[in-house]
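Inside the fold
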Amino acid sequence: QVQLGESGGGLVQAGDSLRLSCAVSGRTFSSYTMGWFRQAPGKEREFVARIGRNGGSTLYADSVKGRFTISRDNAKNTVYLQMNSLKPEDTAVYYCAAPRTGYGSVSVYDYDYWGQGTQVTVSS
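Rules behind the numbers
Residues numbered from 1 in each chain as written. Predicted model: local features only at pLDDT ≥ 70, side-chain atom pairs only at ≥ 80, totals over all residues. Heavy atoms only, no water. Pairing = 2+ DSSP bridges. Helix = DSSP H or I, 4+ residues; strand = E, 2+ residues; numbered from the N terminus. Axes fitted to C-alpha atoms, helices over the stretch in contact; angles between N-to-C directions. Core = buried A, V, L, I, M, F, W, Y, C linked by side-chain atoms within 4.5 Å. Buried < 20%, exposed > 50% of the residue type's maximum accessible area, 1.4 Å probe, protein only. Contact = heavy atoms within 4.5 Å. Disulfide = S-S within 2.5 Å. Salt bridge = Lys/Arg side-chain N within 4 Å of Asp/Glu carboxyl O.

Read across the sheet, 4 strands follow the order 1-3-8-7 without closing on themselves; strand pairing throughout is antiparallel. Two strands in the sheet have a free side with no partner beyond their single neighbour: strand 1 (3-7) and strand 7 (68-73). With strand direction ignored, the average angle separating the axes of adjacent strands in the sheet is 15°. Strand direction decides the pairing type here: strand 3 (residues 18-25) and strand 8 (residues 78-83), joined by 6 bridges, are antiparallel. By the bridge assignment, Leu-18 is partnered in strand 8 with Met-83.

Structure, rendered in structure tokens:
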């Protein structure tokens, strides 16, 4: 059974930073791309960032490019999302996700396993 667990969310002010973590168990972590998504109240879940199997390939949503950095530590089975220069519009529940087949891109439908989410709230 694949399990994902996010941590690191919280309430911060605009301009602050947060680092989210997602621990993965139940599979060979290094064999799969990993993604971060977010969902604000009343909105659909949206892509934030993804990282390739060895960490060498990353992709970001335009809205976070230059402010967020995705990384992974395959020895710890953990993927991270460093979020800098946070804005009120970044307020959402953040989810990490993993695909069943090994490869995931920007669509929620590419991913089969999801964590429970962690709340990030950015005040102005």
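Still to come is the rest of the account.
Turning to the nonpolar core, a few remarks are in order. Core analysis: the largest hydrophobic core is formed by 32 residues, its most contacted members being Trp-36, Leu-81, Met-83 and Tyr-94. Counting only elements with at least two residues in this core, the list comes to strand 3, strand 4 (34-39), strand 5 (46-51), strand 7, strand 8, strand 9 (92-98) and strand 11 (118-123). For this core, the leading source of residues is strand 9, giving 5 residues. With residues up to four places along the chain from it excluded, the contact list for Leu-81 reads Leu-18, Arg-19, Leu-20, Trp-36, Val-48, Ala-49, Phe-68, Thr-69, Ile-70 and Tyr-94.

All chains considered together, the criterion is met by 1 disulfide. The side chain of Cys-22 participates in a disulfide bridge whose partner is Cys-96; the two sulfur atoms lie 1.9 Å from each other. In this structure the cystine formed by Cys-22 and Cys-96 twists about its S-S bond by roughly 50°; its chirality is therefore right-handed. Taken together, the residues Cys-22 in strand 3 and Cys-96 in strand 9 connect sequence positions 74 residues apart. Given a relative accessible area of 0%, Cys-22 falls into the buried group.

A word on the pattern of salt bridges. Scanning the entire structure with this criterion turns up 5 salt bridges. When the shortest N-O distance is used, the salt bridge between Lys-65 and Asp-62 registers 3.1 Å. With relative accessibility at 66%, the residue Asp-62 sits in the exposed group. Ionic pairing is found between Arg-100 and Asp-112, a salt bridge with its closest N-O pair at 3.3 Å. Remark: Asp-112 occurs in the loop between strand 9 and strand 10 (113-114) and Arg-100 occurs in the loop between strand 9 and strand 10; sequence separation between them is 12 residues. Look at the salt bridges and you will find they share partners, linking Arg-38, Glu-46, Arg-67 and Asp-90 into a network.

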